[in-house]
Amino acid sequence: MNTNILDEKKTIITQVKKVDAMHPDMSIIREAAEIICEGGLVGFPTETVYGLGADALLPEGAKRIYAAKGRPSDNPLIVHIADFEALDKITADIPPQAKALADAFWPGPLTMIFRKSDAVPYETTGGLDTVAVRMPSHPTALALIRESCGYIAAPSANTSGRPSPTLAEHVYEDLKGKIPMILDGGAVGIGIESTIIDLSEEIPMILRPGYITKDMLSEVIGEVRDDPGFTSADPNVHPKAPGMKYRHYAPKANLTIVSGEADAVVQRINELTREHHQKGEKVGIICTDETRARYFGDVIESTGSRQNEDSIAQHLYAILRDFDERDVDVIFSESFATPRIGHAIMNRLLKAAGHQVIEV
Ligand code: AMP
Ligand code: MG
């Protein structure tokens, strides 16, 4: 094996290997697994976003993840497993609610927090005595976990502070020269990160909203509440998931959300566009198919139909990334308070906008 892959100070060649997402070529998966088992890093698709994988039980694997992403080392990693029994080795106990939630939502976009066992190094958990665990449903991710050592620590495969990657190209943009391999399984299905639930609280608490909603969780385990730390715009209210305190992503151009009834939103964004044009500035707009034709900004990006909230989640991060390549001075976005996952989408968008919202 090329020993350079383990030396993060050297620039390395990043190989991008195309895989059939549903039926990945096992010889490619084994090559990737070999890198992981030796403590190296591989970018790979999951159903939520692309992950940056390392062996979760090797301290140097976790350290390399922090170095490649430029991620603060107090921000713990999620451990990905391929079967429920794998929990035994890495957790100190498994509450009955966890089994019920796993039966309902694993494999899938739900992460649960457990008390950790000694098998999990503190490098992986950012110094915490708890460990976050998820079983992804993506066939490539599952195959990679099974072929490596069964436990892959994988945060989103972006440079810290950039939007999570939803295409292998995004991973390449951020991590080329830093990791030896990226598995390209095409576009991810969901497009926002997993829901995180902490069962150690008296009333189970959502630490990060995601595709699995509070209502879906409540149906299985009864009352569930949101961590006030992530719903609040007040920087003094601290979220329980260390990563939620970081402003995930701020586009280069100033981003403002305009919220309210559709016609009023269009009218206000167009007024704002006129004002900025008078100052000689270029305006970017994030909208939906229903309203796209009504804007005259310089770069107009649609997240898809408002009727299809999955499409909004799928496209949001790619659009935010795109705007950094475009030469705009300000960005205005419609608000996406859609019925089911709107909460999770707005959580990401509000952070990107630094909570700047104009209500109309
Ligand atoms: P990412 O890997 O980019 O999706 O981010 C993982 C998220 O999970 C971050 O917000 C972490 O702070 C959070 N997380 C991971 N492990 C724990 C844990 N043991 N307790 C609370 N939050 C966690
Ligand atoms: Mg992330």
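Engineer: Sorry, what's going on with the pattern of salt bridges here?
Structural biologist: Going through the model one piece at a time under the given rule, you end up with 21 salt bridges. Among the salt bridges present, the one from K240 reaches E201, with a minimum N-O distance of 2.8 Å. Highlighted residues: K240 in the loop between α9 (228–231) and β12 (254–259) and E201 in the loop between β9 (195–198) and β10 (205–208), separated in sequence by 39 residues. For K240, a relative accessible area of 38% gives the class partly exposed. A relative accessible area of 23% means that E201 is categorised as partly exposed.

Engineer: Sorry, what's going on with the sheet that holds strand β16 (residues 357–359) here?
Structural biologist: What holds strands together in a sheet is hydrogen bonding between their backbones, with the strands either parallel or antiparallel. Pairing is parallel in the open sheet, where five strands are placed in the order β14-β13-β15-β12-β16. The sheet terminates laterally at β14 (299–302) and β16, the two strands that pair on one side only. Adjacent strand axes in the sheet meet at a mean angle of 20°, parallel and antiparallel pairs treated alike. Two elements, β12 and strand β15 (residues 330–334), share five bridges in a ladder whose sense is parallel. Each bridged residue has a counterpart across the sheet, and for T256 the counterpart in β15 is F332. Relative to β15, helix α10 (residues 262–278) is tilted by about 175°, and along the sheet it contacts β12, β13 (283–287), β15 and β16. Each of β12, β15 and β16 touches helix α12 (residues 342–352); the most contacted strand, β12, lies at about 135° to it.

Engineer: What am I meant to see in the pairing of strand β8 (residues 181–184) here?
Structural biologist: A regular strand carries its side chains on alternate faces of the sheet. Burial along β8 is two-sided: the residues M181 and L183 and I182 and D184 are all buried. Where strand β1 (residues 15–18) meets β8, four bridges bridge the pair, whose relative direction is parallel. Within the sheet, the bridge partner assigned to Q15 lies in β8 and is M181. In this structure, strand β2 (residues 42–44) lies alongside β8, joined through two bridges in parallel fashion.

Engineer: Looking at this structure, how should I read the packing of aromatic side chains?
Structural biologist: Centre-to-centre distance and the angle between the planes together describe a pair of aromatic rings. This structure, assessed with the given rule, holds one aromatic pair. One residue, K116, lies across the ring of Y122, its end atom 4.2 Å from the ring centre. One residue, R340, lies across the ring of Y211, its end atom 4.8 Å from the ring centre.

Engineer: How do you make sense of the pairing of β9 when you look at a structure like this?
Structural biologist: Residues T195 and I197 point to one face of β9 and I196 and D198 to the other, with burial holding for every one of them. Bridge count for strand β5 (residues 110–115) against β9 is four bridges, and the pairing is parallel. When the bridges of β9 are listed, M112 appears paired with I197. Here β9 runs beside β10; their pairing, made up of three bridges, is antiparallel. Residue pairing across strands places I197 opposite I206, the latter belonging to β10. Remark: six residues form the turn of the hairpin made by β9 and β10, two consecutive strands paired antiparallel.

Conventions adopted
Residues numbered from 1 in each chain as written. Chains lettered and ligands numbered in written order. Predicted model: local features only at pLDDT ≥ 70, side-chain atom pairs only at ≥ 80, totals over all residues. Heavy atoms only, no water. Salt bridge = Lys/Arg side-chain N within 4 Å of Asp/Glu carboxyl O. Helix = DSSP H or I, 4+ residues; strand = E, 2+ residues; numbered from the N terminus. Buried < 20%, exposed > 50% of the residue type's maximum accessible area, 1.4 Å probe, protein only. Pairing = 2+ DSSP bridges. Axes fitted to C-alpha atoms, helices over the stretch in contact; angles between N-to-C directions. Contact = heavy atoms within 4.5 Å. Phe/Tyr/Trp six-rings, centres within 6.5 Å; stacked < 30°, edge-to-face > 60°. Lys NZ or Arg CZ within 6 Å of the ring centre and 35° of its normal.

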